[in-house]
Structures are given as C-alpha cells and as structure tokens.
Amino acid sequence: MGEEVKRTTYSRAHRREYRRKVRLCLDVFETMLAQSSFDADQPLTGMEIECNLVDADYQPAMSNRYVLDAIGDPAYQTELGAYNIEFNVPPRPLPGHTGLDLEKEVRASLNDAERKASSSGAHIVMIGILPTLMPKHLTQGWMSESTRYTALNKSIFSARGEYIPINISGPEPLSWQAASIAPESACTSMQLHLQVAPADFAANWNAAQVLAGPQLALGANSPYFFGHRLWSETRIELFTQSTDTRPEELKTQGVRPRVWFGERWITSVLDLFQENIRYFPSLLPEVSDEDPVAELAAGRTPHLSELRLHNGTVYRWNRPVYDVVDGRPHLRLENRVLPAGPTVVDMLANSAFYYGMAHSLSQADPPLWTRMSFAAAQANFLTAAKQGIDARLAWPGLGEVTARELVLGTLLPLAHEGLQRRGVDAEVRDRFLDVIQGRAQTGRNGASWQVSTVQTLEDRGLSRPAALAEMLRRYCEHMHANEPVHTWPL
C-alpha cells in the first residue's frame, strides 16, 4: 500500500519544506552512488500480488478489513479498494530450485488465506480487473481505511480541480466521469522486484522497458471494465487515466502524466529520480525529522524518506526503488507491467520469463536498445495492452512480427539462456518456460479466455452481467486448480 502518512491536507509551508528536503535527499543519494556500498552481493527477487475480494455471487466484497483480521498474517496488507488486498511474497535468491519451492509456498499461503477469508463470507480472486465490478460499487464505501489513500484522493482532485474523465476505446468503448480515484482500485497487478547494483541499474531498466510490450502481450488479463469489453489489458489505460492529475490545459501543454512509461533510455538510476523531481509536483508532502546529510556524515545510512515517498507517487511501469534493510542501502527495479493471475503457475511463469530475458538483454553487447528507438518500445507496450496476444510488435532485425512468433522464435531462447546464466535449475526453467511456450503456441492467455468464455455464455442466452459472473465463477475454479490458463477449456 505504500508508506502511511500522518495528515490528509498540507499547508504551503509543508510543501516548501518538502520540496527542499526532496532536493536535499537527491543530493545525498547522488553522493551515496559515488561513495557508498550498496547491498548487491546476492541479488534478491521479490513479488507482490494484488487480489480482489468477491462474495458468494462473485460480486465485489467491500470487506478487506475483516478479511485481513481473519487472515492474521502481516504478509497480507490493505490496498486502495475495500475489495482489495495485497500479498507480499518474501524476497529470495533466484538461482537453484527456488522457483518450484516458491510455487508451493505461494499456493499454500493463498489457499490458507482463502480458507480464512471464506469465514468472513469472501473469496480471493487474482485477476487484472474484477469483471463484475460496476459503477454502483464505486460510489461510497469503496475505499480502504487509510490516511494515505484519503490524502492521495484529495491531492489528485485538488491538482485537477474537476472530475476525472475515463474514456477508453475498444470493441465496446466506455466514457465515464469519476468523482474520486476509485477506478484506480480496479487495477490489480503482480509486481516483480529485482535487486540490482547501481552500476547495473540502467541496463536492467532499459531492458525492462524493451520487454514491457512482449510481457504484456503474453500476460494480458483485463479485457472487461464496468461490463464493457475494452483493451486486452484495460488496466494499463484505466490506471493511467484514473490517477491523472492534469486538466486538459496541462495535457495540451505536454505536462507528463503520473502513470508514465518514460521518454528516453537512461545511463544511470539517478536519471529517473531527477526526472521525478523535475516533472512531478508532490502529492503527499510529508516531512520527516531525518537530516540525511548528518546521517551520511555520521557513517549511517539515510532513509531518504521524502525522496522515497515522492518516488512512490510517480507510477512508472518500471520503477526504481531505494530502500534500507538492516542498515544497508540497496536498489530494486520494480516491474509493474503485469496484471495479477490467472494462476500461481502462470504468474511464476511470467516472472521466470521476465527475469531470464532481462538478464540476457541487460548483458548483451551491443545493447538491443541501441538499435531500437524508445518510441518503438512505448508503441509496443500500448499495442500489446490493446491487442494482447494477437499484437504485432516491432523488433530490431525482425521488423514487425506477431507477439507469438517473437516469443517462440526469439524471446524464449533468451529467457532460457538468462535463467541458466543466473544458476536456475533446468527443472525450474522447463516447468515455467513450458507454460510460456504453451501460451504462445495456443494463442490463449487470461484475456482471450475471458472474452471467449463470455461470448460462449452470451450465445447461450445469458445477459452480459450474468455471463461475467458465470465466467468469473469458472475462472475461480481453474485458478484454484493451478492449471495454466492456456489449458483451460472454453
């Protein structure tokens, strides 16, 4: 959920002091990059899974407070919507047999959480956008109890000064006016973390940006919102619009959106933090008591609270993270591209595919991005969000190619090679990358399965709301069976 804050409104003095502290933190961070030892000896990977809660009729259940009390595990936390929870998977090294152990642990934890949630009359669903969510669910009582979320909602609407328009194209276009940031809560994702040495960060970030399009084409799982069939991964555009602090005048002036792909390849992690401060005003100007200059001079590791808080309100699809654990600083690359679900094995397959490809591309000489424009990477990302597994993507040396051909002919070998170089056991590589191969061969991911199933149900006479609920019921059955989505019957 991000760090909690103390207040929901801020004075001009708060904002002036926060701006000063953010810039001071950036100066200290730059000094640390040159002088400090960042923890990167044994890089760790981590995962966050955002989930939805539904009732017995597969409608949103606004009960995360009771569900979290029933689960009683600090790994499960609140999220923006009262019908959301987040599962934080403990970080661990990538090599060896870890992936298969992780699959068992994540399944066991989610099964236990589901059993406890059911005692509160709720069920857990891992899906990009809950297909039964409708406008009536987001009028009141939708937000989790949190000062941070209340403050964020106030700050975004104070910056806009007007309602947020939600206009999304697709087979069944949607136009709606949002009176709060409630639509953001519909967007539930899987976030992948990779600990990276400062010297290696730029190459890994650039590689992740290149891979965002193929990732999304394979993993799309959000074709419906408010009953409309929109993009294969509608979550991308919905999240972009629902957190947009810009009125139309600022958009036409070229002011950047807070949900941002970026606009250039980088040479240092510092580039991203500098852009965050240069382009984006504060949303949560909370000032800490820490003097980062004094902390560093005393030989301690500063937490750089203002820099971290500001970074957490700039929603890059690949976001840099500075953190301190046991007194040692480290950097992480947070990959925020993928939706949650459909199953644990699908999500771990997605993560293995990403980690393997990212390692291969970040180590390649010459780098792939020297032969690919940043605009082409962004265009691939948006095309994949719209068209999913049927997308055609631009790739250096290949021209325009289908996502399925790109994966089978080029990216899967890179993923295998990257995982092998990272010391991942062959059994793990085969288990998860075979899932990716099956998905590319069949052309079926979560989004295409949802659309085909709803169409079949409507052809049998069900209304759209009934078809969405029945589709979600079947989805949940398959989700618990943990068979990869490309094997699910229609």
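This one's a predicted model, so the numbers in the text were calculated from it and none came from an experiment.

Engineer: Quick question: what am I supposed to make of the packing of aromatic side chains here?
Structural biologist: The geometry of an aromatic ring pair comes down to the distance between the two centres and the angle between the two planes. Within the structure shown, the criterion is met by 21 aromatic pairs. Ring geometry for Trp176 and Phe226: centres 4.9 Å apart, planes at 80°, overall edge-to-face. Taken together, the residues span a long stretch of sequence, with Trp176 in strand β6 (residues 174-178) and Phe226 in the loop between β8 (224-225) and β9 (228-229) at a distance of 50 residues. In this structure Trp176 comes out as partly exposed when scored by relative accessible area, which is 23%. A ring pair is formed by Tyr475 and Trp488, whose centres lie 5.4 Å apart and whose planes are at 85°; its orientation type is edge-to-face. Of this pair, Tyr475 sits in helix α16 (residues 464-481) while Trp488 sits in the segment after α16; the two residues are 13 residues apart in sequence, bridging distant segments of the chain. A residue is classified by how much of its surface remains accessible, and Tyr475, at 0% relative accessible area, is buried. The structure contains a cluster of three or more aromatic residues connected by ring pairs, namely Trp205, Phe239, Phe261, Trp265, Tyr315, Trp317, Trp369, Phe374 and Phe381. Its end group placed over the ring of Tyr279, Arg256 keeps NZ or CZ at 3.7 Å from the ring centre. When the ring centre of Tyr279 is taken as reference, the NZ or CZ atom of Arg278 above it lies at 5.5 Å.

Engineer: Help me understand the pattern of salt bridges, please; the structure alone is not making it clear to me.
Structural biologist: In a structure, side chains of opposite charge can pair up when their charged atoms sit close to one another. Summed over the entire model, instances satisfying the criterion amount to 28 salt bridges. Here Arg115 makes a salt bridge to Asp112, at a shortest N to O gap of 2.5 Å. Pair noted here: Arg115 and Asp112 are both in helix α3 (residues 98-118), with a separation of three residues, about one helical turn. We classify Arg115 as exposed; its relative accessible area is 53%. For Glu470, the salt bridge identified is with Arg474, shortest N-O distance 2.9 Å. One end of the pair is Glu470 and the other is Arg474, both in helix α16 and four residues apart, which spans about a single turn. On the accessibility criterion, Arg474 (21% relative accessible area) is partly exposed. One salt-bridge network, held together by shared partners, links Asp244, Arg246, Glu248 and Lys251.

Parameters and conventions
- Residues numbered from 1 in each chain as written.
- Predicted model: local features only at pLDDT ≥ 70, side-chain atom pairs only at ≥ 80, totals over all residues.
- Heavy atoms only, no water.
- Phe/Tyr/Trp six-rings, centres within 6.5 Å; stacked < 30°, edge-to-face > 60°.
- Helix = DSSP H or I, 4+ residues; strand = E, 2+ residues; numbered from the N terminus.
- Buried < 20%, exposed > 50% of the residue type's maximum accessible area, 1.4 Å probe, protein only.
- Lys NZ or Arg CZ within 6 Å of the ring centre and 35° of its normal.
- Salt bridge = Lys/Arg side-chain N within 4 Å of Asp/Glu carboxyl O.

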